[in-house]
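These are the residues of each chain, in order.
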Amino acid sequence: MSEFRVTGVFPVSYKPNPFVTGYAIGDFRQGDHVELRRGDEVIADGTLQWIEFHRSSRGEYSFTFSDTISQLVQPGDVVHSTSTAD
């Protein structure tokens, strides 16, 4: 199971869902089913919609998630990939 540790959430005017920045551990692919976790609790589930392939100098990535995740995600949350798209 891969995880994405959220460090920031950045709404942009040209996209319905914000860019979510953080550190990825493991492999993620567009279309993966994911769960948003806060502590030990699952807050929401959804999909990974988009991956920014250019990493920041700090090693962070930018992801965009489905509405169910995007409406609730906060810095400090962890997003787990629970399945991989074929």
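Numbers given to residues run from 1 along each chain, matching the order in which its sequence is written. Per-residue local features of the predicted model are confined to residues with pLDDT of at least 70, and side-chain atom pairs are confined, for both listing and counting, to 80 or more; whole-chain, interface and lining totals are unaffected and use all residues. Here the side-chain values reflect all heavy atoms present in the structure, with hydrogen atoms and water set aside.

S.K.: Can you walk me through the pattern of salt bridges in this structure?
M.R.: Any two side chains of opposite charge can pair, on the condition that their charged atoms come close. Salt bridges are defined as contacts in which a side-chain nitrogen from Lys or Arg sits within 4 Å of a carboxyl oxygen from Asp or Glu. Taken as a whole, this structure holds 3 salt bridges when the rule is applied. Between Arg5 and Glu3 there is a salt bridge, with its nearest N and O atoms 2.8 Å apart. The exposure class assigned to Arg5 is partly exposed, which follows from its relative accessible area of 41%. Residue exposure (1.4 Å probe, protein chains only): buried if accessible area is under 20% of the type maximum, exposed if over 50%, otherwise partly exposed. Given a relative accessible area of 16%, Glu3 falls into the buried group.

S.K.: What am I meant to see in the side chain of Glu3 here?
M.R.: In this description a helix means any DSSP run of H or I spanning at least four residues, a strand means any run of E spanning at least two, and both kinds are numbered starting from the N terminus. Considering the arrangement of structural elements, one finds Glu3 in strand β1 (residues 2-10). Separated by 2.8 Å, the side chains of Glu3 and Arg5 make a polar contact. Throughout, a contact is declared for two residues whenever any of their heavy atoms are within 4.5 Å. Setting aside chain neighbours within four positions, we find Glu3 in contact with Tyr23, Ala24, Ile25, Phe28, Val78, Val79 and His80. Two N or O atoms count as a polar contact when they lie within 3.5 Å, although within protein this holds only if one can serve as hydrogen donor and the other as acceptor, and sequence-adjacent residues are included solely when both atoms are side-chain atoms.

S.K.: Quick question: what am I supposed to make of the pairing of β1 here?
M.R.: Look at any regular strand and the pattern is simple: side chains alternate between the two faces of the sheet. For two strands to be treated as a pair, DSSP must find at least two bridges joining them. In this sheet, strand β6 (residues 78-83) lies alongside β1 in antiparallel orientation, the contact comprising 4 bridges. Paired with Ser2 across the strands is Ser81, a residue of β6. The pairing of β1 with strand β2 (residues 19-25) spans 7 bridges and is antiparallel. Across the sheet, the residue bridging to Gly8 is Thr21, located in β2.

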